[in-house]
Amino acid sequence: MAGGDDGTKMKTRYYSIGNVKEGEELLQEAAKYIRCGETVAIPTETVYGLAADGLNEKACARIFEAKERPADNPLILHIADIASVDELVIDVTPQHRTLMEALWPGPLTLIFKCSDLVPKAVTAGGDTVAIRFPSHPIARRFIEICGTPLAAPSANQSGRPSPTNASDVLADMDGRICAILDGGPCEIGLESTVLDMTVSPAKILRPGYYTMEDLSRYLKVELDENLLDTKALPRSPGQKYRHYAPKAEYTVYTGSKENVVAALKAAREEYKKKGKKVGLLVFNEDASNFPEEEVLTLGSYDDEKTMGRLLFAKLREFDRRGVDVILGVGVESVGYGTALMNRIVKATEGRIVEV
Ligand code: TXA
Ligand code: MG
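The paragraphs below set out a description of the structure included in this document. (Residues numbered from 1 in each chain as written. Chains lettered and ligands numbered in written order. Predicted model: local features only at pLDDT ≥ 70, side-chain atom pairs only at ≥ 80, totals over all residues. Heavy atoms only, no water.)

### As for the nonpolar core
Inference 1: Counting residues in each nonpolar core, the largest one holds 45 residues, and the members touching the most others are Trp104 and Leu195.
Inference 2: Counting residues per element, this core draws most heavily on helix α2 (residues 57-67), at five residues.
Inference 3: Look past the residues within four positions of Trp104 in its chain and what remains in contact with it is Ile79, Ile82, Val85, Leu99, Leu110, Phe112, Ile131, Arg132 and Phe133. (Core = buried A, V, L, I, M, F, W, Y, C linked by side-chain atoms within 4.5 Å. Buried < 20%, exposed > 50% of the residue type's maximum accessible area, 1.4 Å probe, protein only. Helix = DSSP H or I, 4+ residues; strand = E, 2+ residues; numbered from the N terminus. Contact = heavy atoms within 4.5 Å.)

The following block contains the structure:
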C-alpha cells in the first residue's frame with residue numbers, strides 16, 4: 001500500500017486547473033512534488049496519467065507501488081518538446097523524425113533504443129524506451145515546469161479501465177498518490193497508439209487514435225501479430241496482463257443491428273432469471289429497446305470517436321452502480337475500430353459473441 005512510511009494513507013491534494021493560464025500558480029506548486037520524487041496524476045488528451053520524474057529511479061518506483069503494477073511493464077516518458085528526445089535515445093532515425101514532426105504533439109508513442117540516462121524502472125530492464133509528446137495544454141505546461149521527462153502510465157489501478165476524468169482517477173488512487181491535476185474529461189478516451197520503430201517494418205504494439213492507415217502514409221507499418229493472435233508471446237509487456245476490466249462480467253455482441261439487439265434481449269433474460277443485476281452498454285439508437293433497464297450509451301452507431309471517449313468511463317459507472325453483468329455492443333475491427341475492439345477484447349476477457 002502506497003502512503004506514509006507508518007502504513008497510513010497519504011493525503012491526495014486536489015488541484016482544479018481549468019485552463020493553463022489561470023492554473024499556472026497551481027501547476028508551479030504541484031511541480032514541487034515531482035521535484036521531491038512524488039507522484040502527481042495529470043490530464044492528457046488520451047487518458048489521465050500517473051506522473052513522476054522519469055529520470056529518478058525511486059520516483060518511478062512509487063508509480064509501480066501506487067498502481068500495483070507488475071515491475072516488468074515499462075513506462076512511457078512524456079516530453080514537452082521534440083529536442084528532449086535526443087538525450088533519452090541513441091537512434092533517432094529519419095523515420096522517427098518524420099513521425100515526430102508530423103504527428104507530435106499528439107496521441108502517438110514511439111519506441112527508440114534508449115540511452116544510459118533512462119532508469120531501469122522506466123525500461124523494465126530492456127534496451128528500449130517509449131516516448132510521447134502529449135498535446136494536452138496542461139500536460140505540456142506541467143512537463144515544461146517540471147523540467148524533466150515525466151514517466152506516466154495510465155492513472156488506474158493495474159488491470160482496471162484507464163481513467164478519463166479526475167473522479168475516476170481518485171476512485172482508484174485517492175490516498176495512494178500525492179496530488180491530482182483536474183483538467184476536465186479527456187478528449188480521446190483511449191490510450192495512445194504505441195509504435196515500435198526499433199524493428200523493420202515498424203510495428204503497432206497498441207492500436208489507438210492514429211490508425212494503421214494514418215501511419216501508413218508515412219512509413220511501412222504492421223499490426224503486431226500478438227494483437228491478432230491471443231496465444232502468441234507478448235512483445236510489449238502491457239499486452240500480457242488483464243486490462244481495462246470492469247468488476248462486472250462484460251460480454252459484447254457483434255453482428256447486424258437486429259441480431260445484436262435480439263441477442264442482448266435474450267442474454268438479459270437469461271441473466272435476470274439467475275437473479276443477476278444487468279447493465280446494458282449500447283448505442284443511442286438501441287437504448288429504447290431496453291426502457292426499464294440499467295442502460296448507458298456510447299453515442300451513435302456511426303460515431304466511433306464518441307464511443308472511444310466514453311467507453312472506459314461507462315464501464316466504471318456500471319461498477320459504481322453495482323451491476324453483476326454488462327451486456328454491450330461492438331464495432332468492426334477496421335480503422336479506429338481496431339483500437340476500440342482491442343480494448344473491448346481485453347475488458348471482456350475475450351467474451352465477444354458474433355451473432
Ligand atoms: O495515452 C497513453 O499512452 C497514456 C497517457 C497517460 O500518456 N499512457 C499509457 O501508459 O497508456 P501505460 O503504461 O498504461 O501503457 C503503456 C504501454 C504498455 O502496454 C507498455 O507495456 C508499453 O506501452 N510500453 C512502454 N514502454 C515500452 C517499451 N520500451 N517497449 C514496448 N512496449 C512498451
Ligand atoms: Mg495502462
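Once you've had a look at it, read on.
### Regarding the state of the cysteines
Inference 1: On inspection of all chains with the given rule, the structure shows zero disulfides.
Inference 2: Looking at Cys114, it has no disulfide partner, and the nearest cysteine sulfur is the one in Cys60, 13 Å off.
Inference 3: The thiol of Cys178 is unpaired, and the distance to the nearest cysteine sulfur, on Cys36, comes to 7.8 Å. (Disulfide = S-S within 2.5 Å.)

### Some points on the pattern of salt bridges
Inference 1: Throughout the structure, instances matching the rule amount to 24 salt bridges.
Inference 2: Residues Asp86 and Arg97 are paired through a salt bridge, measuring 3.5 Å at the closest nitrogen-oxygen approach. In this pair, Asp86 is assigned in helix α3 (residues 85-88) and Arg97 in helix α4 (residues 94-103), connecting sequence segments 11 residues apart.
Inference 3: Glu317 serves as the salt-bridge partner of Arg321, at 2.9 Å between the closest nitrogen and oxygen. Of this pair, Arg321 and Glu317 are both found in helix α11 (residues 304-321), four residues apart, which corresponds to roughly one turn of the helix.
Inference 4: Owing to a relative accessible area of 31%, Arg321 belongs among the partly exposed residues under this scheme.
Inference 5: Judged by relative accessible area, which is 22%, Glu317 ranks as partly exposed.
Inference 6: Here the residues in one salt-bridge network are Asp168, Lys277, Glu294, Glu317, Arg320 and Arg321, joined through shared partners. (Salt bridge = Lys/Arg side-chain N within 4 Å of Asp/Glu carboxyl O.)

### Section: helix α6 (residues 137-146)
Inference 1: Three or more residues of α6 are buried, namely Ile138, Ala139, Phe142, Ile143, Ile145 and Cys146. Projected down its long axis, α6 shows its buried positions confined to an angular sector of 160°, all on one face.
Inference 2: The secondary structure elements touched by the buried residues of α6 are α1 (20-35), β2 (40-42), β4 (76-78), β7 (150-151) and β8 (179-182).
Inference 3: Note on α6: the residue one or two positions beyond its end, Gly147, has a positive phi of about 70°. (Arc of directions from axis to C-beta.)

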